[in-house]
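Residue strings, one per chain:
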Amino acid sequence: MTAASGTSAAVSGTLLQVAVTLPVDETFTYRDPRPGVRLPLGTEVIVPFGSRQVTGFVVGHPEATAGSVRDIADVVGDGPAIEEPILDLCRWAAGYYLAPLGEVLRSALPRGERAVASRRIRLTEAGRRLVDLEAEGRSHMAGITLDAEDRALLARLRAARSLSPTALARATAGATARMAHLGKRGLVEIIDWVAGPSKSRKGAGEGKTSAASSEPPVLNPHQQAAFEACRAALGKGYNGFLLHGITGSGKTEVYLRLIAEARAQGKGALVLVPEIALTPQLAARFRARFGDDVAVLHSALPPADRLAAWRRLRSGEVGIALGARSAVFAPVRALAVVVVDEEHDGSFKQEDGVRYHGRDLAVMRAHQAKAVVVLGSATPSLESFRNVLVGRFRRLLLPTRANPAAAARPLPPVEIIDLRRHLMGPDQLLAPPLLEAVAQALAAGEQTILFLNRRGFSTLMHCQACGAVLRCSSCDVSMTLHRGREKLICHYCGRAAAIPPRCPACKQAALQGLGTGTERVESVVRALFPSARVARLDRDTTDGQRDRLEKLLARVHEREIDILVGTQMVTKGHDFGGVTLVGVLQPDQGMHLPDFRAAERTFQLLEQVAGRAGRGDRPGRIVVQTFCPEHPAIQFLRTHDYEGFVRDELARRESASYPPFSRMIALRLDGRDEASVCAAATAAAAHARAQAGTAVLVLGPAEAPIRRLRGRSRYQIWLRGTDRAKLLAVARAAAGVTLPREVRLAIDVDPQSVL
Ligand code: ADP
Ligand code: ZN
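Description of the structure in this document. (Residues numbered from 1 in each chain as written. Chains lettered and ligands numbered in written order. Predicted model: local features only at pLDDT ≥ 70, side-chain atom pairs only at ≥ 80, totals over all residues. Heavy atoms only, no water.)

### Side note on the sheet that holds strand E4 (residues 52-60)
To keep it simple, the criterion reads: When DSSP finds two or more bridges between a pair of strands, those strands are recorded as paired. Each helix is a run of H or I in the DSSP string that is no shorter than four residues. Each strand is a run of E no shorter than two, and both are numbered from the N terminus.
Read from one edge of the open sheet, six strands run E5-E2-E1-E4-E3-E6, paired in mixed fashion. Edge strands, defined here as strands with exactly one partner in the open sheet, are strand E5 (70-71) and strand E6 (74-76). Inspection of the sheet shows strand E1 (residues 14-20) paired to strand E2 (residues 28-32) by five bridges, in the antiparallel sense. Counterpart to Leu16 in the pairing with E2 is Tyr30.

### Comments concerning the coordination of the zinc ion (ligand 2)
Convention followed: With water excluded from the atoms, a metal site may look incomplete; its donors are any N, O or S atoms within 2.8 Å, or within 3.2 Å for Na, K and Ca. Under this scheme a four-donor centre is tetrahedral when all angles range from 85 to 135 degrees, a four-donor centre is square planar and a six-donor centre octahedral when opposite donors are above 155 degrees with the rest from 65 to 115, and any other centre is irregular. Using a 1.4 Å probe on the protein chains alone, a residue whose accessible area is under 20% of its type maximum counts as buried, one over 50% counts as exposed, and one in between counts as partly exposed.
Note on the zinc ion (ligand 2): its protein donors are Cys472 (SG), Cys475 (SG), Cys490 (SG) and Cys493 (SG). The metal-donor distances range over 2.3 Å. Around the zinc ion (ligand 2), the four donor atoms are arranged such that angles at the metal cover 106 to 114 degrees; this shape is classified as tetrahedral. Mapped onto the sequence, the donors of the zinc ion (ligand 2) take the spacing C-x2-C-x14-C-x2-C. Taken together, the residues Cys472 in the loop between strand E19 (460-463) and strand E20 (480-482) and Cys490 in the loop between strand E21 (487-489) and strand E22 (496-498) connect sequence positions 18 residues apart. Grouping residues by exposure puts Cys472 and Cys490 together as buried.

### Remarks on the site of ligand 1
The condition is simple: Any residue with a heavy atom lying within 4 Å of a molecule or strand is counted as near it. Distance and chemistry together define a polar contact, namely a pair of N or O atoms within 3.5 Å, with one atom able to donate a hydrogen and the other to accept it when in protein, and with adjacent residues in sequence counting only for side-chain atoms on both sides. The accessible surface values rely on the Shrake-Rupley method and a 1.4 Å probe; as for residues, cover is taken only from the protein chains in view. Residues are grouped as follows: Ala, Val, Leu, Ile, Met, Phe, Trp, Tyr, Cys and Pro are nonpolar; Asp, Glu, Lys and Arg are charged; every other residue, Gly included, is polar.
Around ligand 1, the surrounding shell holds 18 residues, and the nearest of these are Val218, Gln223, Thr252, Arg285 and Asp575. Taking Gly248, its main chain carries an N or O atom lying 3.1 Å from an oxygen atom of ligand 1. A total of 560 Å² of accessible area belongs to ligand 1 in isolation, and the protein chains cover 78% of it. With three residues, helix H9 (residues 251-264) is the largest single contributor of residues to the shell around ligand 1. Looking at the shell around ligand 1 residue by residue, the class counts come to six nonpolar, seven polar and five charged.

### Regarding unusual backbone geometry
Residues other than glycine predominantly adopt negative phi, and peptide bonds predominantly adopt the trans conformation. Cis geometry is adopted by the peptide bond preceding Pro660, which originates at Pro659 and carries an omega value of 10 degrees. Not every positive phi belongs to a glycine, and Lys507 is a case in point at roughly 65 degrees.

### Considering the packing of helix H20 (residues 598-610) against helix H22 (residues 642-655)
Rules: With axes taken as lines fitted to C-alpha atoms, and helix axes fitted only over the stretch in contact, angles between N-to-C directions fall between 0 and 180 degrees. Working rule for angles: under 35 degrees goes down as roughly parallel, over 145 as roughly antiparallel, 65 to 115 as roughly perpendicular, anything else as oblique. The contact criterion used throughout is that any non-hydrogen atoms of two residues lie within 4.5 Å.
Interhelical geometry of H20 versus H22 gives an angle of 170 degrees and a closest axis separation of 11 Å. Comparing the axis directions of H20 and H22 gives the class roughly antiparallel. When H20 is examined against H22, the residues Ala599, Glu600, Phe603 and Gln604 are found in contact with a partner set consisting of Tyr642, Phe645, Glu649 and Arg653. Among the residues forming the contact of H20 with H22, the class breakdown is four nonpolar, one polar and three charged.

### Overview of the sheet that holds E22
Working definition: the strands of a sheet are paired by backbone hydrogen bonds and lie parallel or antiparallel to each other. A sheet is described by the order of its strands in space; here three strands give the open sequence E20-E21-E22, paired in antiparallel fashion. Strands at the two margins of the open sheet, each flanked by one partner only, are E20 and E22. Strand-to-strand, the axes of this sheet are offset by a mean angle of 35 degrees, without reference to chain direction. Relative to E22, E21 runs antiparallel, the two being bridged by three bridges. Among the inter-strand pairings, Ile489 is bridged to a residue of E22, identified as Ala496.

### Structural notes on the pairing of strand E12 (residues 294-297)
Selection criterion: Assignment of crossover handedness uses the view with strands pointing away from the viewer, where a clockwise path from the first strand over the helix to the second indicates a right-handed crossover.
The side-chain alternation of E12 yields two buried faces, one formed by Val294 and Val296 and the other by Ala295 and Leu297. Alignment of E12 against strand E13 (residues 320-323), held across four bridges, turns out to be parallel. By the bridge assignment for E13, Ala295 is matched with Ala321. Between E12 and its parallel partner E13, the chain crosses via helix H11 (residues 303-315), and the hand of that crossover is right-handed.

### Overview of the nonpolar core
Applicable threshold: Here, the term nonpolar core denotes a set of buried Ala, Val, Leu, Ile, Met, Phe, Trp, Tyr and Cys residues that are joined through side-chain atoms within 4.5 Å.
Ranked by internal contacts, the top residues of the largest apolar core, which has 88 residues, are Ile82, Leu105, Leu297, Phe329 and Leu719. Apart from the residues lying within four places of it in its own chain, the contact partners of Ile82 are Leu41, Gly42, Phe57, Leu87, Leu105, Ala108, Leu109 and Arg314. Within the second largest apolar cluster, 38 residues are counted, among which are Ile449, Leu552, Met569 and Ile622.

Right under this line is the structure:
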């Protein structure tokens with residue numbers, strides 16, 4: 001290092017390689033003019049870029065540079081915002097996902113807070129503009145109430161670029177209140193200004209932090225074997241395991257035990273789960289076992305709490321991070337165990353910004369940290385299953401339920417109702433055998449889950465007179481009728497509209513709802529079983545509010561609900577002892593999606609929901625009504641034969657060269673003007689084809705299945721091949737096309753969505 005500072009002495013100051021948080025692929029060289037200072041890698045800096053200032057991160061210390069360099073404008077914080085292990089992970093992700101390093105680094109920091117270790121306040125873009133306008137005498141402060149002190153404060157910030165709260169407090173009376181007031185108006189940005197975590201919030205989701213930790217059960221032999229295998233690998237470099245355990249087989253208990261072991265050795269653990277908010281129970285179990293040694297990172301955490309949790313992890317005060325996909329970047333110390341629960345879940349894939357896959361990044365992180373990674377699922381992804389077959393992961397099986405009362409029984413049988421044999425009226429949603437099963441469960445005082453993966457009342461409204469369908473004005477999809485809110489809602493952009501009394505096209509009062517959502521199921525079930533206590537669990541009933549979700553789940557646990565109707569939210573890992581019957585209403589739509597993963601997803605979803613039945617003392621029963629009983633996802637589900645399904649499906653994928661036998665990259669283009677998006681997509685595809693040779697198959701351009709979303713037309717190009725480097729080169733070539741100003745192009749590596 002002395003050599004480096006020695007050579008740079010000639011330049012005076014230190015050269016820094018900076019990854020800016022802009023959609024550019026290159027990094028840039030800047031100079032730190034201060035003599036003898038060498039900012040560590042991962043430090044957040046503010047640098048001039050063109051005519052503006054942007055945030056960036058130090059990612060290298062070049063010894064020399066060809067051209068002239070500009071000086072950094074400011075340093076954020078007292079230490080690196082991102083430490084080296086995370087920096088390494090981000091570098092890998094930037095290369096793998098073809099994403100700008102600066103943007104990956106930014107997404108690796110807790111949301112809403114750019115810098116972890118800083119104590120800085122700065123003007124926002126709006127704040128800067130406002131101060132500049134004021135200075136020019138073109139004040140636009142109308143509508144904003146600022147006094148002289150506020151203005152002085154803003155001017156100070158403009159001059160200093162950013163200040164610490166202490167410096168501000170010294171300069172201005174009541175600075176804290178003023179900053180809050182200016183922040184509300186969007187004029188200043190608090191990069192990091194934590195008065196400590198808010199004490200009030202500790203929902204049931206995080207469980208009671210009582211020191212009385214739960215007594216761990218004695219592991220059954222399968223659990224014990226799985227645990228031993230993982231434990232033996234601790235501290236012996238990277239090791240990958242697929243914990244393939246049926247629903248309720250006690251996978252979580254294995255994670256808990258392994259993590260306890262790591263903690264006993266002073267090592268840290270990272271646990272990723274699909275949607276932490278949906279599984280408050282899981283967080284509660286971690287809390288019960290580890291108390292305050294767990295940082296639960298869910299999206300509902302206020303930024304200050306999230307930042308505080310991040311800090312505690314970084315300082316080593318807390319050793320376990322538990323959260324959804326973005327927690328893969330959590331600064332866990334001495335990382336030794338990485339767990340990805342429900343590893344098959346699609347929500348690990350980030351669908352905008354940096355489109356990373358949380359599970360795949362978690363595996364890479366374990367690799368870099370020389371840690372043990374455990375991917376757990378009852379229905380592993382085909383990718384992970386194949387990794388077992390080719391020897392990349394070791395599979396650990398938990399073939400029985402953990403609960404001793406349920407362990408002796410095999411998983412409940414699945415009864416298939418062929419809907420083609422039952423003539424049912426439009427309002428008769430439950431076929432007679434399912435109806436009877438519900439009645440029986442009710443009579444026995446047992447609980448039922450009815451699963452339909454569509455919310456709302458009717459999935460579309462059409463006019464019986466002219467056939468018109470009510471569509472979203474900014475997306476090319478039909479609006480869903482929601483009776484609860486008496487609105488039509490677009491499930492893709494969220495637009496809500498009043499239900500028109502007449503058809504907008506022919507003006508006749510002939511509008512009718514078609515198709516079924518959970519709201520309609522609920523109302524039909526209430527009418528069929530007037531004395532039953534019925535509840536509905538979907539995004540509409542919980543409205544993103546954790547306490548509502550938790551209350552509802554608690555009522556199901558307490559057996560205050562007889563019939564729970566819901567979307568895939570009912571499938572998520574819940575452990576309701578009283579549920580004996582699970583009814584699946586219409587898996588057909590999901591089965592027939594134009595997606596090569598449709599069968600896999602359907603099986604996974606159905607097996608997950610089936611897994612809610614018979615977890616307690618009484619045997620369960622699963623009833624699926626479908627128009628397509630011969631579909632492989634249904635056939636193998638009959639006997640819960642996931643392995644049979646996977647082998648069958650893998651053969652199909654292999655013959656069609658789909659993942660996991662090839663890799664795919666989707667290029668997604670969108671813009672307001674259909675013609676220019678189409679032209680850009682055509683040009684991009686031509687660039688791709690020019691590069692592709694025989695190694696990469698270029699499909700498209702084609703209109704996306706959802707042609708228009710939020711007012712933007714959408715086209716896709718799909719690349720497929722087995723040579724990853726070649727595939728990336730083709731994607732890069734295609735993305736290098738000159739785009740009209742308002743057309744966007746996104747590269748989606750390992751795409752999970754075909755829509
Ligand atoms: P999974 O994560 O595979 O769905 P869980 O770990 O949630 O399974 O276990 C299912 C239920 O069985 C939970 O209520 C859990 O407390 C219980 N359980 C787990 N392991 C044991 C065991 N060895 N003995 C008794 N009960 C257990
Ligand atoms: Zn819409």
